[in-house]
Amino acid sequence: KQWYQRRVAITAGGAFFQEGAAIEREQQAGILKYDEELGGTARHLSFLCGVINRAKIPVFERVLWRASRGKALLRHMEITEPLKDPATEEEIPKSTFIVYFQGEQLKIRVKKICEGLGATTYPCKEAYSERKQTEMEVDKRITELIDILKETHNHRYRMLDTVVQNINSWIIQVKKVKAIYYTMNKFKKTDTGLLMAEGWVPMSQLNDVDIALKRGTTSAGSATQAILNTVTTRRTPPTYHKSNKLTKGFQAMIDAYGVATYQEINPAIFTIITFPFLFGVMFGDLGHGFIMFLAGLYLVLKESTFIKKLKSFDEISAMMFHGRYIIMLNGLFAMYAGLLYNDIFAKSLNIFGSSWYPDISEPINKGIQYGLDPKEYGPLPSHNFSGHPYPFGIDPVWNLAENKLTFINSYKMKLAVILGLIQMTFGVVISYFNYRFKGSTLDVYCTFIPQMIFLQCIVGYLAFMIFFKWFTVNTHTAQPSILLCLISMFLKFGAPLGEDNELYANQHIVQSALAVMALICVPWMMLAKPFIERMYPRVRQASYTQFDNESEDGGESDDHEEHSMTDIMVHQAIETIEFTLGCISNTASYLRLWALSLAHAELSEVLWDMVMRMPFSMGLPVPGKAVMTIFVFAIWAPLTVVILIVMEGLSAFLHALRLHWVEFQNKFYKGEGVAFLPFSFERILNGDVDD
């Protein structure tokens, strides 16, 4: 690049000389200029050529004019071809210049100005023949450099072509050696010259580690055998959950919320079933679930092929592949819920034969509606109801009923409350086993028992009224609202509800007793534990003592954080308020099971009515309807996959995840542990470990 700039400067200098023909003629004729002020002393006209940044030309011209007091002449010309900065590889517009001046002092000033403004000067001969000779030499040098660069590039390409065959193995070796030295730097040298280190090992793999150490000692030919001892420490061990291809995805969802504290019950065990089940409740459709199941099954069956290409996947594709078993189970449970709802692409299946049939005594005409009355039932067709419910799921006749939405809403809403109560109760029960395992009897009596009583007195009683109304209440008369009964439990405390608002006799007495029990549980949860710890310091110490981490110098700390009575009271009050208000809000949150299921069913029905029903309502002949149906199906199928399966599936997935993280896990799961990350070449080579 420097040689190219030099050639441009020489060429431009020749152009300047040709343009200033008068100066050339005076130089060729040997005419000398005399400075009359200096007594007629002859002074030769000198010049300087170079290249400068085009943006600095105005500054260069002004500085040159002032420094020479107008006795230096600057001529410049733009370089049309772009030049790149060797350091930054950025294109910089430049110009060539030539400065005419007289005297050595002015020459020194001009050179300093050029250096200060970053200009590059090049020697340029006065005579045309000499400039031409220099230009030819520069061209020759440029040609040689181009040949050298080409040969260097080809040689480098041949070397890289040879190296690329071994580069992957070299990278693996470098990463392994780097990881080994990084780990070995954590060892401590004893007085006897041996290396000693401490670490965590799962109890089930302790013998495997011992065997591996002995095998490594033998392979290295060492005379000193490696010794593996177990030590006692007060530090909290990391959490290790052994997982496989099926459980890995569910465990990742739990770890995203928080890694389980050491020896805390792992929610991933239950999530394997409860998560797909709640997803299916919100996504219940036999057809959509079957498509999702096939997609997950395809990823499972082709997993060996996709694993080889996993590194080329983008983040979303890799995430879907890692969750292939979740997708498959979600589709399977969605099929099960679709059978319960008797819903397949917004249509019903009459598998077992409907239990309802109208009494038709006249020919059926289009637009005629028939009512179904359950008051009388029997085996004859003269009755509307056979007396036996549909064997499995919802009777297909409800798909044709005008009050279909009213019935389905009531059914799914009550089902959501019941499922929410079951999962929340299960979460509280799990907390009992956590307390028992830790030996915290105080938490059992002051946290678990009042929480269970409070939950069952309110939400459990709500579920009881749902079942009671289903099984015992006469459906032929107007029935009291369950929601109003629950509200009157507190607003009309102890007052009779009236015959029209009672589900059973003496209901107000039972509700008043349950309300009193629920209110008693609030101070029980808030005050009992702090006051017992205040009266019995040993209980307090056992309750708040935590495992301590080792100090930086390797020693163990025996200091425990002191908790004042105020801190304990504030902490317990927050826990109590969170649970009591959470029982109501979490129950309402489970209504998302009904809301998303309703939205999915209605979107499916709207898409069917607006797209797939068009060929049958256009009055076309049978062949025209067949062709139109094929065309319409090509539109309906992609919309079904994109909107009802992908988008609705993602929505149901996120809502099911929220129900597990917030409504279920907050009853028992702390998630304050540290994951066990053993030394593994596989994790290092996959990039799971930071450099």
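See the structure above.
The structure displayed is predicted, hence computed values, not measured ones.

Q: Describe the pattern of salt bridges, with residues and values.
A: This model, assessed by the stated rule, comprises 9 salt bridges. For the salt bridge of Lys529 with Asp443, the shortest nitrogen-to-oxygen distance reads 2.7 Å. Taken together, the positions of Lys529 in helix 17 (residues 507-535) and Asp443 in helix 15 (residues 441-471) put the pair 86 residues apart, joining distant regions of the chain. Lys529 gets classed as buried once you look at its relative accessible area, which sits at 10%. A relative accessible area of 10% means that Asp443 is categorised as buried. Two residues, Asp609 and Arg613, come together in a salt bridge whose shortest N-O distance is 3.1 Å.

Q: Describe helix 8 (residues 247-257), naming the residues involved and giving the relevant values.
A: Residues Thr247, Gly249, Phe250, Gln251, Met253 and Ile254 constitute the buried set of helix 8. Those residues of helix 8 that are buried lie in contact with helix 9 (268-282), helix 12 (315-322), helix 13 (324-341) and helix 21 (622-664).

Q: How would you summarise helix 19 (residues 565-589) if you had to cite specific residues and measurements?
A: Between the first and last C-alpha of helix 19 there are 34 Å, a value that for 25 residues agrees with the 36 Å anticipated at 1.5 Å per step. Of all the bends found along helix 19, the most pronounced is centred on Gly582 and spans about 40 degrees. Listing the buried residues of helix 19 in full gives Met565, Ile568, Gln572, Ala573, Thr576, Phe579, Thr580, Gly582, Cys583, Asn586, Thr587 and Ser589.

Q: Quick one: what's the story with the packing of helix 8 against helix 21, residue by residue and with numbers?
A: Relative orientation of the contacting elements helix 8 and helix 21 amounts to 60 degrees, with a least axis distance of 11 Å. In terms of orientation, helix 8 and helix 21 fall into the oblique class. Considering only the axes of helix 8 and helix 21, their crossing is right-handed. Counting all contacts with helix 8, which are made through Met253, Ala256 and Tyr257, the residues of helix 21 involved are Phe653, Leu657 and Trp661. The residue makeup of the contact of helix 8 with helix 21, split by class, is 6 nonpolar, no polar and no charged.

Q: Can you lay out a nonpolar patch on the surface for me, pointing to particular residues and giving the numbers?
A: Judged by side-chain polarity, Leu603, Phe631, Ile635, Leu639, Val641, Val642, Ile643, Val646 and Met647 come together as a nonpolar surface patch covering roughly 750 Å² of accessible area. Residue contributions to the nonpolar patch peak at 8 residues, all from helix 21. With respect to the element layout, Val646 can be found in helix 21.

Q: Residues and numbers for the nonpolar core, please.
A: Judged by nonpolar contacts, the single largest core of 68 residues is most densely connected at Phe250, Phe275, Phe454, Leu455, Met465 and Leu593. Here this core gets 13 residues from one element, more than from any other, and that element is helix 15. Discounting residues that sit within four places of it in the chain, Phe454 has contacts with Ala518, Cys521, Val522, Phe579, Thr580 and Cys583. Phe60, Leu64, Leu74 and Phe101 belong to the second largest nonpolar core, which has 16 residues in total.

Q: Please give an account of the packing of helix 9 against helix 21 that cites residues and values.
A: In the contact formed by helix 9 and helix 21, the axes pass within 9 Å of each other and the chain directions differ by 130 degrees. Between helix 9 and helix 21, the angle is such that the two are oblique. Seen from above, helix 9 lies across helix 21 with right-handed handedness. Where helix 9 abuts helix 21, its residues Thr271, Thr274, Phe275, Leu278, Phe279 and Met282 lie against Gly649, Ala652, Phe653, His655, Ala656, Leu657, Leu659 and His660.

Q: Talk me through the packing of aromatic side chains; I want residue IDs and the actual numbers.
A: Within the structure shown, the criterion is met by 31 aromatic pairs. Ring geometry for Tyr432 against Phe448: centres 5.0 Å apart, planes inclined by 40 degrees, an arrangement best described as tilted. On the criterion of sequence distance, the pair formed by Tyr432 in helix 14 (residues 404-438) and Phe448 in helix 15 is long-range, its members being 16 residues apart. A relative accessible area of 14% means that Phe448 is categorised as buried. Considering the side-chain rings of Phe633 and Trp636, the 5.7 Å spacing of their centres and the 40 degrees angle between planes classify their relative orientation as tilted. A residue pair is termed a helical-turn pair when its members lie 3 or 4 positions apart in one helix, as Phe633 and Trp636 do in helix 21 at 3 residues. Under the relative-accessibility criterion, Phe633 is labelled partly exposed at 42%.

Parameters and conventions
Residues numbered from 1 in each chain as written. Predicted model: local features only at pLDDT ≥ 70, side-chain atom pairs only at ≥ 80, totals over all residues. Heavy atoms only, no water. Salt bridge = Lys/Arg side-chain N within 4 Å of Asp/Glu carboxyl O. Helix = DSSP H or I, 4+ residues; strand = E, 2+ residues; numbered from the N terminus. Buried < 20%, exposed > 50% of the residue type's maximum accessible area, 1.4 Å probe, protein only. Contact = heavy atoms within 4.5 Å. Expected span 1.5 Å × (residues − 1). Bend = angle between axes of the 7 residues up to and from the residue. Axes fitted to C-alpha atoms, helices over the stretch in contact; angles between N-to-C directions. Parallel < 35°, antiparallel > 145°, perpendicular 65-115°, else oblique. Left-handed = near helix turned anticlockwise from the far one by under 90°. Nonpolar A, V, L, I, M, F, W, Y, C, P; charged D, E, K, R; others polar. Patch = residues over 30% accessible without salt bridge, like charges linked within 9 Å, V, L, I, M, F, W, Y side chains within 5 Å. Areas by Shrake-Rupley, 256 points an atom, 1.4 Å probe, with all protein chains shown as cover. Core = buried A, V, L, I, M, F, W, Y, C linked by side-chain atoms within 4.5 Å. Phe/Tyr/Trp six-rings, centres within 6.5 Å; stacked < 30°, edge-to-face > 60°.

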